Amino acid sequence: MAKILCVLYPDPVTGYPPEYARDSIPLIEAYPGGQSIPSPADIDFTPGELLGCVSGELGLRKYLEAAGHELVVTSDKDGPEFERHLAEAEVVISQPFWPAYLSAERIAKAPHLKLALTAGIGSDHVDLDAAIKAGITVAEVTYSNSISVAEHAVMQILTLVRNFVPSYKWVIEGGWNIADCVERAYDLEGMDVGIIAAGRIGQAVMRRLAPFGVRLHYFDTRRLPLELEQELNLTYHDSVESLVRSVDVVDIHAPLHPKTYHMFDADLLATMRRGSYIVNTARAEIVVRDDVVAALESGRLAGYAGDVWFPQPPAVDHPWRTMPHHAMTPHVSGTTLSAQARYAAGTREILEDFFAGSPIRDEYLIVDGGALAGVGASSYTADGSASPGAQA
Ligand code: NAD
């Protein structure tokens, strides 16, 4: 019998379950490229339910308790309750939206921990170097919310370029101030758009933006196949410096690891075209927080949007809440009800394999057997020091 510690975001302040806006979600049969959707033996929830909060329990309780395990579900990720249970936990489940940071210090206090499972994508809240040293497996539900994030990124690019938020505010305030709305509004058509990291999400964004009549650029440490570059008419850049000086909009989709930590600092921002936009739904620590604020204030950046902050949740006085020309949301892009159904099923699939002693799908692995593995080996680096993002 194992203890599973599951950290989820708090329930809606209006109560659980919510009154759902729709009766069902569309069935996705496979991911782009053919990767199969999560395939657990069974699920104990109805797709479309709110599963990512404490009362939703990722739909795991019935399955885990029937197998004789103990499931603890809490939203207390920074306080004493988490650390008390961590000392006995064999599995910790956490979501990037409400991350239970697993720093080296915390891993040292978890002698029974064997599996750190991310219900979603992005395992930088786990110190990967410490997990490697401790022999802990780190796994995530690859592809579960990639399209969800891609849709959010496209929405935020349009939100910034079209100056949506100020126009919406005029409506709420009872105004009809056309000139105030449009003095910063442009068409996306004809702009140069640069994608940082053309992985699952980056490619999905490029496919969705191509019909807008933009010129697409990208930078990735791994170049895409020539056929794909030709199909989407992509311009490849072999450095982030080359990309940012060639585009009007930068859209970031790289994992956070030592090579991407603080990639966007004042020096790089100063080389961007005046009035550039940045959308970052990857990880906040890829940019330098206060350098982004300064670039918005100086006009180097015309807008900044995204849904990732550091730490999470951010303080009430976090400068990104009040900086000019932003269109930030809380970390929500990858946790739509549609995405939750997939990552809850994927979490169950990984647990079923883990407890059966069967191999976890390679595409779900980040760390295994004392080394980066699976997707982790191609998308992350671990340099022996603390992973950025793991320490709140
Ligand atoms: P992926 O593994 O499919 O792609 C990552 C890409 O990044 C790869 O092509 C890799 O070559 C590239 N890369 C790695 N290091 C790089 C570097 N130094 N410079 C340039 N490119 C580099 O991952 P994905 O599914 O597309 O997800 C990407 C990231 O998006 C995740 O790691 C996560 O941090 C973030 N994410 C956010 C949310 C959200 O809710 N906001 C949800 C899912 C994922």
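For the structure, check the block above.
Residues numbered from 1 in each chain as written. Predicted model: local features only at pLDDT ≥ 70, side-chain atom pairs only at ≥ 80, totals over all residues. Heavy atoms only, no water.

(A) Examining helix α5 (residues 146-161) more closely. The terminal C-alpha atoms of α5, which comprises 16 residues, lie 23 Å apart, in line with the 22 Å expected from a rise of 1.5 Å per residue. Counted residue by residue, α5 has 13 buried out of 16 residues, so it is predominantly covered. Positive phi shows up at Asn163, right after α5, with a value of about 60°. (Helix = DSSP H or I, 4+ residues; strand = E, 2+ residues; numbered from the N terminus. Expected span 1.5 Å × (residues − 1). Buried < 20%, exposed > 50% of the residue type's maximum accessible area, 1.4 Å probe, protein only.)

(B) Structural view of the site of the ligand. The immediate surroundings of the ligand are formed by 31 residues, with Arg200, Ile201, Asp220, Thr281 and Ser379 found nearest. A distance of 2.9 Å is found between an oxygen atom of the ligand and a backbone nitrogen or oxygen belonging to Ile201. With respect to the ligand, the side chain of Ser379 contributes an N or O atom lying 2.6 Å from an oxygen atom. Surface burial for the ligand is 96%, taken as the share of its 870 Å² of free accessible area covered by protein chains. Contributing elements (two or more residues each) for the shell around the ligand: α5, α8 (200-209) and α14 (374-379). There are two domains that each give the shell around the ligand at least three residues, and those are domain 1 (3-143 + 335-372) and domain 2 (146-321). (Near = heavy atom within 4 Å. Polar contact = N/O pair within 3.5 Å; in protein donor to acceptor, adjacent residues only side chain to side chain. Areas by Shrake-Rupley, 256 points an atom, 1.4 Å probe, with all protein chains shown as cover. Domains from an automatic or database assignment.)

(C) Focus on the sheet that holds strand β4 (residues 115-118). On the basis of which strands lie adjacent, the open sheet formed by seven strands has the order β2-β1-β3-β4-β5-β12-β13 and mixed pairing. Strand pairing shows two members of the sheet lacking a second neighbour, β2 (70-74) and β13 (371-372), which therefore form its edges. Here strand β3 (residues 91-94) pairs with β4 via four bridges, running parallel. Looking at β4, one finds that Val91 is bridged to Leu115. Its contacts with the sheet place helix α13 (residues 337-356) against β1 (3-7), β3, β4 and β5 (137-140), and it is angled at close to 165° to β4. (Pairing = 2+ DSSP bridges. Contact = heavy atoms within 4.5 Å. Axes fitted to C-alpha atoms, helices over the stretch in contact; angles between N-to-C directions.)

(D) How the structure looks around the pattern of salt bridges. Tallied over the full model, the rule gives 21 salt bridges. Notably, a salt bridge pairs Glu70 with Lys3, separated by 3.9 Å at the nearest N-O pair. Residue Glu70 is located in strand β2, and its partner Lys3 is located in strand β1; the two are separated by 67 residues in the primary sequence. Its relative accessible area of 33% is what places Glu70 among the partly exposed residues. Of the charged contacts in the structure, one is a salt bridge between Arg106 and Glu83, with a shortest N-O distance of 2.9 Å. (Salt bridge = Lys/Arg side-chain N within 4 Å of Asp/Glu carboxyl O.)

(E) Structural context of the pairing of strand β9 (residues 249-252). Residues Val249 and Asp251 point to one face of β9 and Val250 and Ile252 to the other, with burial holding for every one of them. Note that strand β6 (residues 192-196) and β9 share four bridges and pair parallel. Residue pairing across strands places Ile196 opposite Ile252, the latter belonging to β9.

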